[in-house]
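Fold and contact review
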Amino acid sequence: MNESLRLIQLLRIRLRRNELWTTDFVLTLLAGHFMFAGYTATLTIIPPYAIDLGGDPAYHLPIIIGAFGVVGLAIRPFGGQWIYTLGPKRVAVAGTIIVALGSISYIFALSPWWLMPMRMLQGVGLALGPVATSTMIANLAPHTRRGEAMAYMGNAINISFLYAPFIASFLYEYAGSHNAFLFSAVAASIATVTCLKISASRISFQQPAPSASASGRPSKPPLVARSALFPTLVFLTYTFTTAPTNTYLPLLAHEKNLGNPGLYYTVFSMVSMFAMAVAGPVADRFGRATVIVPGLVAVAVAMFILNGSFFQAMFLSGGFFAGLGFGMLQPGVQSFTVDRAPMRERSAAMATLQQAWDVGGSFGAFVIGPVQGVIGTANTFGLTGIGALIGALGFIIGNAKSPTKMPGQAAAGD
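About the cut-offs
- Residues numbered from 1 in each chain as written.
- Predicted model: local features only at pLDDT ≥ 70, side-chain atom pairs only at ≥ 80, totals over all residues.
- Heavy atoms only, no water.
- Helix = DSSP H or I, 4+ residues; strand = E, 2+ residues; numbered from the N terminus.
- Buried < 20%, exposed > 50% of the residue type's maximum accessible area, 1.4 Å probe, protein only.
- Contact = heavy atoms within 4.5 Å.
- Core = buried A, V, L, I, M, F, W, Y, C linked by side-chain atoms within 4.5 Å.
- Salt bridge = Lys/Arg side-chain N within 4 Å of Asp/Glu carboxyl O.
- Patch = residues over 30% accessible without salt bridge, like charges linked within 9 Å, V, L, I, M, F, W, Y side chains within 5 Å.
- Areas by Shrake-Rupley, 256 points an atom, 1.4 Å probe, with all protein chains shown as cover.
- Phe/Tyr/Trp six-rings, centres within 6.5 Å; stacked < 30°, edge-to-face > 60°.

**Things to note about the overall build of the chain**
Within the chain one finds 16 helices and zero strands. The proportion of buried residues among the 414 residues of the chain is 57%. A separation threshold of at least 6 residues defines the contact pool for the chain, and within that pool the share at least 24 residues apart is 86%.

**Some words on the nonpolar core**
If you look at the biggest cluster of nonpolar residues, it comprises 79 residues, and the most contacted ones within it are Tyr-238, Tyr-264, Ile-292 and Phe-315. The element contributing the most residues to this core is helix α13 (residues 289-308), with 10 residues. The residues contacting Tyr-264, other than those within four sequence positions of it, are Thr-245, Leu-249, Met-303, Leu-306, Phe-315, Leu-316, Gly-318, Gly-319 and Ala-322. Within the second largest apolar cluster, 25 residues are counted, among which are Leu-61, Ile-64, Ile-65 and Ile-368.

**Quick notes on the pattern of salt bridges**
In the structure shown here, the tally under the stated rule is three salt bridges. We note a salt bridge from Glu-148 to Arg-145, for which the minimum N-O separation is 3.0 Å. What makes Arg-145 partly exposed here is its relative accessible area of 23%. In this structure, Asp-284 and Arg-288 form a salt bridge, with 3.0 Å as the shortest nitrogen-oxygen distance. Note on accessibility: Asp-284 and Arg-288 belong to one class, buried.

**Description of a nonpolar patch on the surface**
A cluster of nonpolar side chains, contributed by Val-297, Val-301, Phe-304, Val-374, Ile-375, Leu-383, Ile-386, Leu-389 and Ile-390, occupies part of the molecular surface with about 750 Å² of accessible area. Elements represented by at least two residues in the nonpolar patch include exactly α13, α15 (346-375) and α16 (377-401). Sort the elements by how many residues they give to the nonpolar patch and α16 lands first, with four residues. With respect to the element layout, Val-301 can be found in helix α13. Exposure remark for Val-301: the relative accessible area of 30% places this residue in the partly exposed category.

**Focus on unusual backbone geometry**
Of note in the backbone geometry, Asn-257 takes a positive phi value of approximately 55° without being a glycine. Residue position: Asn-257 is located in the loop between α11 (242-255) and α12 (262-286).

**Let's talk about the environment of Ile-198**
Turning to its location among the elements, Ile-198 is positioned in the loop between α8 (177-196) and α9 (200-203). Judged by relative accessible area, which is 2%, Ile-198 ranks as buried.

**Side note on the packing of aromatic side chains**
Applying the stated criterion across every chain yields a total of 24 aromatic pairs. Ring centres of Phe-36 and Tyr-39 lie 6.2 Å apart, and the angle between their planes is 85°; on these two criteria the pair is classed as edge-to-face. Taken together, the residues span about one helical turn, with Phe-36 and Tyr-39 both in helix α2 (residues 23-40) at a distance of three residues. Plain terms: the ring middles of Tyr-238 and Trp-357 are 5.9 Å apart, the flat faces sit at 85° to each other, and that makes the pair edge-to-face. Here Trp-357 lies in helix α15 and Tyr-238 lies in helix α10 (residues 229-239), a separation of 119 residues in the sequence. On the basis of relative accessible area, Tyr-238 is assigned to the buried category, the value being 6%. Residue Trp-357 is classed as partly exposed on the basis of its relative accessible area, which comes to 30%. Three or more aromatic residues link up through ring pairs in this structure, and these residues are Phe-161, Phe-235, Tyr-238, Tyr-264, Tyr-265, Phe-268, Phe-315, Phe-326 and Trp-357.

Okay, here's the thing in structure tokens:
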């Protein structure tokens, strides 16, 4: 009898360790979703808004888009430390509030240059919030289901692409810019309310007590996690493809009469949701490379299609392959990063990885601007597609030289 009770108790402990769908996990997914709904709503309205304010596509637009990541590049590493010392919930709440304030501030812009500090303000929010929510997911997920958990978070974010850019573009055209930005702010505000309902103790329960440094003071995680540098370099070749997408996709759609650019993001979202649902478990079972490499190749195909798009179906097929690629890449590269990081450096590793968005997406816009003036709008997409192929090759070579543990093995600190 005692042996049976012991076996039942051990079974319960094992099931609890592998439990994923807790209330806090669901709330974190919702917080990530609405935070990104607030952000993705601006993707299709900032470029035309800047031009309506008198901005030049080749001069003002890359600076306005790129300003988003300037502050993020400086803030995000500290965000990893703040998450460790203050807790991810507080940082997530602060990030979502700032995203909402940034969306409201756009309404009061009087010229294209006014948009630059407003974009930088919102960049602070997007530098803090996603790092915090990703850390929450990493802390809540059992290591044997880490890729699956990251896929669910990716899908929660992707659902925002399904409707937010389209609705914002529709509101901008038929109800005015004020209502479009108000929609963005409301979405981010819902994320704040959701964050407040998350249990601070549960999302941090795996965090060890801060270790003491040589001086006797609690040591902090590094600003830049060395364990995340290789995944970040690989991910950078993807985020660079978002520079022409975020900057010139609405203009490309207008120049070639390809329809509402929000439809691209709708297709992107639908496909990436299905891709992530499959890619997360595949990455857990067969290794991260099985989704990272095909994901980068699919993204490259998407960029080449956009390069040559001249009718709407072709334009939307670019969204299909971009969604397929991101759907495979996102859970793979995030779980790959967490696999390599000690527990204490987990938030720092996520912050380091997400700096790829600042460097590739935002600083990439500064590079794409002058290039667009020389080679044209469409060719900027093809150029970044070549970079994605280089990233796939670099991952194959780098991972072969320094292989990471299979997901079934406990990562450092687990």
